[in-house]
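Chains, contacts and geometry: an overview
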Amino acid sequence: MIVAVGTAFMRQPPHKLTYIKLVVPKGWPAPPTNIFANNPLTEEGFQLGRKLFYDARLSKDGNFSCASCHQQFAAFSTFDHDFSHGFNNSFTTRNAPGLFNIAWKKELHWDGGINHIEVQPLSPLTATNEMAETLENVLKKLKGDTSYVRLFKIAFADGTINSQHLLKAMAQFTGSIQSYNTKYDKVKRSEDSFTVSEKLGYTTFLTNCNSCHKEPLFTDNSFRNNGIGENDKLKDKGRMAITGNPADSLKFKVPSLRNVTLTGPYMHDGRMYSLNKVIEHYRTGINFNQPTLDTLLRKKIVITNQQKVDLLSFLMALKDDTMISDPRFRQPN
Amino acid sequence: MMLIAKCSMLFLLMQLFLITAFGQTPVVTLKVIFINTVNKVPVVLDSFEYTNCWNETYTISKLKYYISNVQLQLANKSVLKEPESYHLINEEDTATKSFSLSMPAGTYSSLSFLIGVDSLKNVSGAQTGALDPLNGMFWTWNNGYIMFKLEGNSPQSTVVNNKVEYHIGGFAGPNNALRTVTINFAAPLILLKKENNTEIFIQAAIDKMWNAKHNLKIVEIPVFMMPGGLSAAIADNYAAAFALIKIVQQQAIHH
């Protein structure tokens, strides 16, 4: 009896929270894990996370927010940049990925080095070529700001400004960014129909791309070597840096093709500036002399010029205008 | 805030009772104290120069490690686990070098713990307390806790500023650097009354780092800070460092 009362006290914050739910669109697989299992998704937490996401004061010199490199109009990637700008005129060493449908990812970053959405911000916040700040200083700035003091009190039961609450609030915002309203989704829901070209492109997609860029998420979240070869300046080995396993050399996470017309340039190092180049790579550019080249790419991909045009129109139907214009994801006033 | 704290304390105590089904058995406090030593002498940070078995000299500026999943085995073989058992032992902060366990009275035969943070907590998102990333024991680029951290300097080190830095971690598959230490009591430890004060002193003989199971020479590896590779071997070495010094039981004088 006493145990039950004790538990009830612990779970009941002294104020009311507005619980919100992640949308699991019809026909989608269930998320591999519940990223909100220990972080109940609330409107209050989401709004705090949103403010933090857009706050450049979190960086060392006050110039860089999360949103500097993750821009809503670019599906939360960095528009038209191979690498993103960071502290003191530095650049990142990998192309900033779009942020959406994170609840369906088990690992984050191109090499999968991040094992939980909550701990991801620690990396860009502290990296010297990104926001370059210490966690101590971030918390100090937040504690000295009355609006944050108020928002942490609203969002969390004990109102403490600490790293755990900071990270959980950020996860509530980024984990809520979802893409499920592309033309493709609307066609699947019988709310719209493909053009002839899009329809032909979809067929080409299913034959040649869907094994790795698996619909409806347009990624299978695996790590693969897609045959582009090592970047000779960066020498980035990808997944191998995390696992230490030579079999993972040059493998990178398969990115989602949702919003792909907004997230260029392409590849982990942004070396390809157009989708045309990307398709050309898969048709004619694969370097077969790589021991870790993905087995699915060992057989030559045949896409005719006409099929390429149609495939491009299908890829354009993966743009989610609802998400990139959603006022809930915009910079707060 | 206070109410919540009290309730959770009560909850923990209730749990202990439920686990053991001892009902009204008194709860006793057991203090576990860690003493880091080099060559049998307690560690002095920065100032003192040590010599290892390879005749290399070194100083220690930082020494931190996790002790987690602490459990006590009763003479009847049942096991009591400390709930949410995560402790960061930090040489430069005396308060961190001991912790107290609340245990039901009974006869105990051994104490065991993990050096490091169990795999589950490595993949469970943002933590607080001993596991707060603020403690500088979390890898942000390849997630997971640093289980053991030793930093210092040595003239034998070939890197800039003659640094010596070992950040040891990794929790998955062959990279697992978690090590279990079991301290068997020479004689059964009888914890009787609440008033009795029991302290277990455990030594961590850091000089075991260099050769307990595998040879580690500063001149060859002055810096190692990633999961995998040598982490597991170095973990084998420091796991051998932990041993019982003594158990002290005192009757409380006041009543």
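Residues numbered from 1 in each chain as written. Chains lettered and ligands numbered in written order. Predicted model: local features only at pLDDT ≥ 70, side-chain atom pairs only at ≥ 80, totals over all residues.

Notes on the overall build of chain B
Counted only if it meets this: Secondary structure is summarised from DSSP: a helix means a run of H or I of at least four residues, a strand means a run of E of at least two, and numbering begins at the N terminus for each. For every residue pair, C-beta atoms are placed from the backbone, and the pair is scored as a contact if these atoms sit within 7 Å.
Counting its secondary structure elements, chain B contains three helices and 15 strands. Within chain B, residue pairs in contact and separated by at least 24 positions form 75% of the contacts whose partners lie at least 6 positions apart.

Remarks on the domain arrangement of chain A
The figure often quoted for interface size is the accessible area lost as the parts come together. All names here are of chain A. Note the following rule: Either an automatic procedure or a domain database provided the assignment from which the domain bounds are taken.
In terms of domain boundaries, chain A breaks down into domain 1 (17-179) and domain 2 (183-321). Summarising the inter-unit geometry, the C-alpha centres of domain 1 and domain 2 are found 26 Å apart. Facing the 23 residues of domain 1 at the interface are 26 residues of domain 2.

What about the pairing of strand S11 (residues 163-169) of chain B?
All names here are of chain B. Condition: Each residue is classified by how many other C-beta atoms fall within 10 Å of its C-beta atom, where C-beta atoms are placed from the backbone; a count of 20 or more means buried, 12 or fewer means exposed, and values in between mean partly exposed. Two strands qualify as a pair provided DSSP detects at least 2 bridges between them.
By the criterion of burial, S11 is predominantly enclosed, with five of the seven residues buried. The pairing of strand S10 (residues 144-153) with S11 spans seven bridges and is antiparallel. Across the sheet, Phe148 pairs through a bridge with Ile168, a residue of S11.

Comments concerning helix H12 (residues 305-316) of chain A
Residue and element names in this part refer to chain A. The test is simple: Helix span, expected: 1.5 Å multiplied by one less than the number of residues in the helix. This arc is built from the directions going out from the helix axis to the C-beta atoms.
Helix length check: H12 (twelve residues) gives 17 Å between terminal C-alpha atoms against 16 Å at 1.5 Å per residue, within 8%. Buried residues of H12: Asp310, Leu311, Phe314 and Leu315, and no others. The buried residues of H12 occupy one face: seen down the axis, they fall within an arc of 145°. Those residues of H12 that are exposed and angled more than 90 degrees off the buried face are Asn305 and Gln306.

Notes on the packing of helix H2 (residues 43-53) of chain A against helix H6 (residues 146-155) of chain A
Residues and elements named next belong to chain A. So the rule is basically this: Each axis is a line fitted through C-alpha atoms, taken for helices only over the stretch in contact, and angles between the N-to-C directions span 0 to 180 degrees. Convention used here: angles under 35 degrees read as roughly parallel, angles over 145 as roughly antiparallel, angles from 65 to 115 as roughly perpendicular, and any remaining angle as oblique. Here a crossing is called left-handed whenever its near helix is offset anticlockwise from the far helix by less than a right angle, and right-handed whenever the offset is clockwise. Charged means Asp, Glu, Lys or Arg here, nonpolar means Ala, Val, Leu, Ile, Met, Phe, Trp, Tyr, Cys or Pro, and polar covers whatever is left, Gly included.
In contact at an axis separation of 8 Å, H2 and H6 are set at 150° when each is read in the N-to-C sense. On the basis of their axis angle, the class for H2 and H6 is roughly antiparallel. For the pair H2 and H6, the crossing hand works out as left-handed. Between H2 and H6, the residues in contact are Glu44, Gly45, Leu48 and Lys51 and Leu151, Phe152, Ile154 and Ala155, respectively. When grouped by side-chain class, the residues that make up the contact of H2 with H6 number five nonpolar, one polar and two charged.

Concerning the nonpolar core
The cut-off we apply is this: Structurally, a nonpolar core is described as a collection of buried Ala, Val, Leu, Ile, Met, Phe, Trp, Tyr and Cys residues joined by way of C-beta atoms within 7 Å.
The biggest cluster of nonpolar side chains holds 54 residues, and the ones touching the most others in it are Leu52, Phe152, Ala169, Met170 and Leu318 of chain A. In terms of residue count, the dominant contributor to this core is helix H7 (residues 163-174) of chain A (six residues). Each of domain 1 (17-179) and domain 2 (183-321) of chain A accounts for three or more of the residues forming this core. Other than its neighbours up to four places away in sequence, Ala169 of chain A contacts Gly45, Leu48, Gly49, Leu52 and Ala155 of chain A. Membership of the second largest hydrophobic core comes to 48 residues, among which are Leu111, Phe148, Ile202 and Ala241 of chain B.

A few points about the packing of helix H9 (residues 196-208) of chain A against H12 of chain A
Helix packing geometry: the angle between the two helix axes and the distance between the axes. All names here are of chain A. At a minimum axis separation of 7 Å, H9 and H12 run at an interaxial angle of 100°. One element, H9, and the other, H12, form an angle in the roughly perpendicular class. Counted together, Ser197, Glu198, Leu200, Gly201, Tyr202, Thr204 and Phe205 of H9 and Gln307, Asp310, Leu311, Leu312, Ser313 and Phe314 of H12 form the full contact between these two elements. Classifying every residue of the contact of H9 with H12 gives six nonpolar, five polar and two charged.

Here we look at unusual backbone geometry
Peptide bonds are mostly trans, and most non-glycine residues show a negative phi. Backbone torsion omega between Glu215 of chain A and Pro216 of chain A reads 0°, so that peptide bond is classified as cis. Mapped onto the elements, Pro216 of chain A comes out in the loop between H9 and strand S3 (223-224). In this model, Gly264 of chain A is joined to Pro265 of chain A through a cis peptide bond whose omega is -5°. Topologically, Pro265 of chain A is positioned in the loop between strand S4 (252-253) and helix H11 (275-285). The phi torsion at Asn162 of chain B lies on the positive side, around 50°, for a residue other than glycine. Structurally, Asn162 of chain B is set in the loop between S10 and S11.

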